[in-house]
Structure formats: structure tokens, C-alpha cells
Amino acid sequence: MRKRKELRLLLAAAAAGAGIWGCSGLNPRYDTFAPEVSSIYVSAEGKIRSATVEPCQEDYYSQTKLEEFIAGELSEYNEEQGAPRLAHNMEGGQVLPVSLVSCSIEEGKAVVIYEYGQSSDFVNFAEAYHDSANTVSALETGSVSQGQEEGWFSGENLTEPGSDSPVSEEKLNGLEEKMAVMVESDHPITVMTGGKILYITGGAAVSHGNTAELPEGKNLIIFE
């Protein structure tokens, strides 16, 4: 397997090959994910997306060159994972490990959004492409009851956003059908959710109702 480019270098290389580029959305299925910074997104169904956000100039654009460049990288990556040599999920086809959702350029920055077949695909892709802002050692999504069965909440201090009061075991048991995210990293990360954040690991900050600024270490989010 050839050495991977860093994601920011992918963007720079695409810009070099196309002048400076920009493109319209390819599949705007989740309107709630409009990231300002590189971040991870978990939908209400537990689907995972990530965004790479980098500064760029807006002098001249080429949607075609950008799409060709990134699609080529993703097609090769997916083939190496044993999936079809494609960069976009096809209706009725196999869900790819990673697919290109959209790309855009405005106000001096480029945003590229990817979607993943499962959480392990996200972890592996971010590591392979040295996506430093989004790299994590572990990320899992599922219902609260699933998280309880798998021990995500053991020893963790969950609070309501902006509160220091811990969530009781009784209240946690009443949230069994809510969506939960468990993530571990050695650096701060930004995670957005497809619903309002109800409870979060103590020490994490929440803004806009669904955006969590997580410190390094293990963190948990419960959202509706």
C-alpha cells in the first residue's frame, strides 16, 4: 500500500492541479452538518461523517478537477479495503467504507465532507490520511442501552451541558433508546450531533445545542 497523503495535502494538491478550486454539494442529505471547522458528525441514525476544513483562496475554481482528484483517492482507498473502486455510494449498491458527500468553497475556506460505512471505517481512514484534527483511537455509536451493555458508561461522570450535577443511574436507565457516542482521542476534537445534546462527559463544552468541544481522553455524548 502506498504512503497516504495528509488530508490537508490532498486539498493543496487538488488546488495545485486546478488552480484554486471549489465545487457544489454532491449529496446534501444531512442539512444539519454545516461545519465551520474540521469536525465529526453523528446523525440521529448513528451514521458518521467528517469534515476537513482548510483555508484557501477564491481566485478561480474547478469543480471537475477537485472531484476527479478526491474521487480517485477514495476509489483507490475503497478498493484496497475490498470494496468496489468507487468514491460515491450508489443507490442499491454496497455501502462503501468511505464516500464523498460534498465539497464547497466560500469565505476563504474549503470544506470537504465524507461519509463512512461504519465507525471503524472512519477511524481507519482518518489514520491512513493523517487527518490530525479528526483522528481518534476509538469511536462508537449506538443506543444508550447498547452502550450500557458494552460498558461505555462505567466510571464516567455525565452531566447536563453547563451543569456539574452528575446524571443518576436511574435517569440513565430511562434514556435507553436515546443515541449515544463514545469517543477516545489524545487531543481535543469537535463532534456535532443530529439532535440536541442531553448529557455529556463533565469538562466538555456544548454550543448551539449540538456541538461538543471535547477534551482529550474518553468522552461520552447522549443526544435526542
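Residues numbered from 1 in each chain as written. Predicted model: local features only at pLDDT ≥ 70, side-chain atom pairs only at ≥ 80, totals over all residues. Heavy atoms only, no water.

A.B. asks: How should the overall build of the chain be read in this particular structure?
C.D. replies: Helix and strand content of the chain: five helices and 12 strands. Relative to its full complement of 224 residues, the chain shows a buried share of 49%. Here the analysis covers contacts within the chain between residues at least 6 apart in sequence; of these, 64% occur between residues at least 24 apart. For the chain, the accessible area works out to roughly 10,800 Å², and carbon and sulfur atoms hold 46% of it. (Helix = DSSP H or I, 4+ residues; strand = E, 2+ residues; numbered from the N terminus. Buried < 20%, exposed > 50% of the residue type's maximum accessible area, 1.4 Å probe, protein only. Contact = heavy atoms within 4.5 Å. Areas by Shrake-Rupley, 256 points an atom, 1.4 Å probe, with all protein chains shown as cover.)

A.B. asks: Can you help me understand the sheet that holds strand β1 (residues 39–42) in this one?
C.D. replies: Here we have seven strands laid out as an open sheet, ordered β3-β4-β2-β1-β8-β11-β10, and mixed in their pairing. Each of the sheet's edge strands pairs with one partner strand only, and the pair in question is β3 (98–106) and β10 (205–207). Averaged over neighbouring strand pairs, the angle between their axes works out to 20° when direction is ignored. Sheet analysis places strand β2 (residues 48–55) next to strand β4 (residues 109–116), joined by eight bridges and oriented antiparallel. Looking at the pairing, Pro55 lines up with Lys109 of β4. Packed on one face of the sheet, helix α3 (residues 119–128) meets β1, β2, β3 and β4 and runs near 135° to β4. (Pairing = 2+ DSSP bridges. Axes fitted to C-alpha atoms, helices over the stretch in contact; angles between N-to-C directions.)

A.B. asks: What should I look at first to understand the nonpolar core in this one?
C.D. replies: For soluble globular proteins, the rule of thumb is that nonpolar side chains tend to be buried together. In terms of nonpolar packing, the biggest core is built from 34 residues, with Tyr114, Phe122, Leu214 and Ile221 touching the most fellow members. Take this core: its biggest share by element is five residues, from α3. In this structure Leu214 touches Val183, Pro188, Ile189, Val191, Ile200, Ala204, Asn219 and Ile221, once residues within four positions along its chain are discounted. (Core = buried A, V, L, I, M, F, W, Y, C linked by side-chain atoms within 4.5 Å.)

A.B. asks: How do you make sense of the side chain of Glu73 when you look at a structure like this?
C.D. replies: Mapped onto the fold, Glu73 is located in helix α2 (residues 63–80). One polar contact links Glu73 to Tyr129, side chain to side chain, over a distance of 3.1 Å. (Polar contact = N/O pair within 3.5 Å; in protein donor to acceptor, adjacent residues only side chain to side chain.)

A.B. asks: Whenever I open this one, the environment of Gly162 confuses me. Can you help?
C.D. replies: With respect to the secondary-structure elements, Gly162 resides in the loop between β6 (158–159) and α5 (169–173). Overall, Gly162 belongs to the exposed group, its relative accessible area being 89%. Placed 44 residues apart in sequence, Gly162 and Val206 show a C-alpha to C-alpha distance of 7.7 Å.

A.B. asks: Looking at this model, I keep getting lost on the environment of Ser163. Mind explaining?
C.D. replies: Mapped onto the elements, Ser163 comes out in the loop between β6 and α5. Residue classification places Ser163 among the partly exposed residues on the basis of a relative accessible area of 25%. Considered as a pair, Ser163 and Gly202 are 39 residues apart in the sequence and their alpha carbons are 8.4 Å apart. Of the polar contacts made by the side chain of Ser163, one reaches the backbone nitrogen of Ser165; its length is 3.0 Å.

A.B. asks: Any chance you could explain the pairing of strand β8 (residues 189–193) here in plain terms?
C.D. replies: Consecutive side chains of a regular strand alternate in pointing toward one face of the sheet and then the other. Extensive coverage of β8 is indicated by the burial of five of its five residues. Burial of the side chains of β8 extends over both faces: Ile189, Val191 and Thr193 are buried on one face and Thr190 and Met192 on the other. Note that β1 and β8 share three bridges and pair parallel. Considered in β8, the bridge of Ile40 is made with Val191. By the bridge criterion, four bridges tie β8 to strand β11 (residues 211–214) in an arrangement that is antiparallel. Residue pairing in the sheet places Thr190 in a bridge with Glu213 of β11.

Just geometry here; none of it tells us what the structure is for.
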